Amino acid sequence: MNGTPPAGGASSASADEATRVLVVDDQELFRRGLTMLLGIEPGIEVVGEADDGARGVELAISTVPDVVLLDVRMPKQSGIASCLRIKEAVPTTKIIMLTVSDEEADLYEAVKSGASGYLLKDSSIEEVAQGIRVVADGQSLISPSMATKLITEFKSMSSPERAQGPALKLTERELEVLRLVAKGLSNREVAHRLAISENTVKNHVRNMLEKLQLHSRMEAVMYAVREKLVEIE
């Protein structure tokens, strides 16, 4: 797709229902190929593309996409810095870092900057498309290889004597939701487990993120393990 929002008419209704995506990557061949492949995925509309972080931020502000795919290392402005600026300017937009970088430091910085997902560029187009849908629905995702690294880091972060601190601000129900989210359950699965509605789960997640001053579910997972609210096997 060429990134131009569709004109009115019969197609506008379907476009309204589609997940609107912005692709930001300095590698032109990869960016154009990804844009083309996403353009034929059902329920996904590519509203623009940019070849550097600064331009990506500008387009995010002007197009207000549902999801932005960001490379980590780009000219003019890094993906991490761009992620932070996009979340500040357009907080409703979800961000997936799509990169060749499997460095733990990049993953942690992305999480702290508000990214909802972290995928490596060797992911299939089906995985990327599904990741877009999952993140747009308020979930988080991470490449399996990076998840393994996170678990290793979680174990080193965990400390039996660490106090739970801000977690004490959470209600018992919010703590239940946090523990289940940290175990990787989706909103729907949490709702089923606790016998509550999916909207109620979303409200609990939003409230606990606000109370703990966290930006994303992934950051909540890191917090939950660090504070010994869940155990990593």
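This one's a predicted model, so the numbers in the text were calculated from it and none came from an experiment.

Cut-offs used in this document
- Residues numbered from 1 in each chain as written.
- Predicted model: local features only at pLDDT ≥ 70, side-chain atom pairs only at ≥ 80, totals over all residues.
- Heavy atoms only, no water.
- Helix = DSSP H or I, 4+ residues; strand = E, 2+ residues; numbered from the N terminus.
- Buried < 20%, exposed > 50% of the residue type's maximum accessible area, 1.4 Å probe, protein only.
- Contact = heavy atoms within 4.5 Å.
- Axes fitted to C-alpha atoms, helices over the stretch in contact; angles between N-to-C directions.
- Parallel < 35°, antiparallel > 145°, perpendicular 65-115°, else oblique.
- Pairing = 2+ DSSP bridges.
- Core = buried A, V, L, I, M, F, W, Y, C linked by side-chain atoms within 4.5 Å.
- Nonpolar A, V, L, I, M, F, W, Y, C, P; charged D, E, K, R; others polar.
- Right-handed = clockwise from strand over helix to strand, strands pointing away.
- Arc of directions from axis to C-beta.

Enquirer: So, the overall build of the chain: which residues are in play, and what are the values?
Expert: Along the chain, the regular secondary structure elements total 11 helices and six strands. Relative to its 233 residues, the chain shows a buried fraction of 48%. Considering only residue pairs separated by 6 or more positions, the chain has 69% of its internal contacts joining residues 24 or more positions apart.

Enquirer: Can you explain the environment of methionine 208? Please cite residues and give values.
Expert: With respect to the element layout, methionine 208 can be found in helix H10 (residues 198–212). In the structure, methionine 208 is positioned 33 residues away from leucine 175 in sequence and 8.3 Å away in space, judged by C-alpha atoms. The contact partners of methionine 208, leaving out residues within four places of it in the chain, are Leu170, Glu174, Val177, Leu178 and Val181.

Enquirer: Any chance you could break down the side chain of threonine 93 for me, citing the residues and the numbers?
Expert: Mapping threonine 93 onto the fold places it in the loop between helix H4 (79–89) and strand S4 (94–99). Those residues in contact with threonine 93 that lie beyond four places of it in its chain are Val64, Pro65, Asp66, Val67, Val68, Ile86 and Lys87.

Enquirer: Can you explain the packing of helix H9 (residues 187–194) against H10? Please cite residues and give values.
Expert: Following both chains from N to C, one finds H9 and H10 inclined at 110°, their axes separated by 8 Å at the closest point. Considering their axes alone, H9 and H10 lie roughly perpendicular with respect to each other. Residues Asn187, Arg188, Val190 and Ala191 of H9 lie in contact with H10, whose contacting residues are Glu198, Val201, Lys202 and Val205.

Enquirer: Quick one: what's the story with the sheet that holds strand S6 (residues 141–142), residue by residue and with numbers?
Expert: Pairing is parallel across the open sheet formed by six strands, whose spatial order is S2-S1-S3-S4-S5-S6. Each end of this open sheet is capped by a strand with a single partner; those strands are strand S2 (44–50) and S6. Where strand S3 (residues 67–70) and S4 come together, four bridges link them in parallel fashion. Looking at S4, one finds that leucine 70 is bridged to methionine 97. Lying on the sheet, H4 is in contact with S3 and S4; it crosses S4 at an angle near 170°.

Enquirer: Tell me about the nonpolar core, and name the residues and values.
Expert: Membership of the largest hydrophobic core comes to 24 residues, with the highest contact counts inside it found for Val24, Val68, Leu70, Ile86, Ile95, Met97 and Tyr118. Residue assignment for this core shows that the elements contributing at least two residues are strand S1 (19–24), helix H3 (53–63), S3, H4, S4, helix H5 (104–112), strand S5 (117–120) and helix H11 (217–226). Among the elements that make up this core, the one with the highest residue count is H5 (four residues). Ignoring sequence-local partners within four residues, the contact set of valine 68 consists of Leu22, Val24, Ile86, Thr93, Lys94, Ile95 and Ile96. Ranked by size, the runner-up nonpolar core spans 21 residues in total, among them Leu170, Ala191, Leu194 and Val221.

Enquirer: Describe the packing of helix H8 (residues 172–182) against H10, with residues and values.
Expert: Direction vectors running N to C along H8 and H10 enclose 95°, while the axes themselves pass 9 Å from each other. On the basis of the axis angle, H8 is roughly perpendicular to H10. On H10, the residues that touch Arg173, Glu174, Val177, Leu178 and Val181 of H8 are Val201, His204, Val205, Asn207, Met208, Lys211 and Leu212. The class makeup of the residues in the contact of H8 with H10 is seven nonpolar, two polar and three charged.

Enquirer: I'd like a description of the pairing of S2, backed by residues and values.
Expert: Looking down a regular strand, the side chains alternate between one sheet face and the other. A large share of S2 lies buried, amounting to six of its seven residues. Of the pairings in the sheet, the one linking S1 to S2 comprises six bridges and is parallel in character. Following the sheet pairing, valine 21 is matched in S2 by valine 46. Taking the sense of rotation as the criterion, the β-α-β connection linking S1, helix H2 (residues 28–39) and S2 turns out right-handed.

Enquirer: Quick rundown of unusual backbone geometry? Include the residues and the values.
Expert: Among all residues save glycine, negative phi is the norm, and among peptide bonds the norm is trans. Here the phi dihedral of lysine 76 falls at roughly 70°; this positive angle occurs in a residue that is not glycine. Take lysine 76: it is sitting in the loop between S3 and H4. The exposed category is assigned to lysine 76, whose relative accessible area is 75%. Phi angles above zero are rare outside glycine, and alanine 195 is one such case at about 60°. If you trace the backbone, alanine 195 turns up in the loop between H9 and H10.

Enquirer: I'd like a rundown of H9, residues and numbers included.
Expert: Among the residues of H9, those classed as buried are Asn187, Val190, Ala191 and Leu194. Viewed along the axis of H9, the buried residues span an arc of 100°, placing them on a single side of the element. Among the exposed residues of H9, those oriented more than 90 degrees off its buried face are Arg188, His192 and Arg193. Downstream of H9 by a residue or two, alanine 195 has a phi angle that is positive, lying close to 60°.

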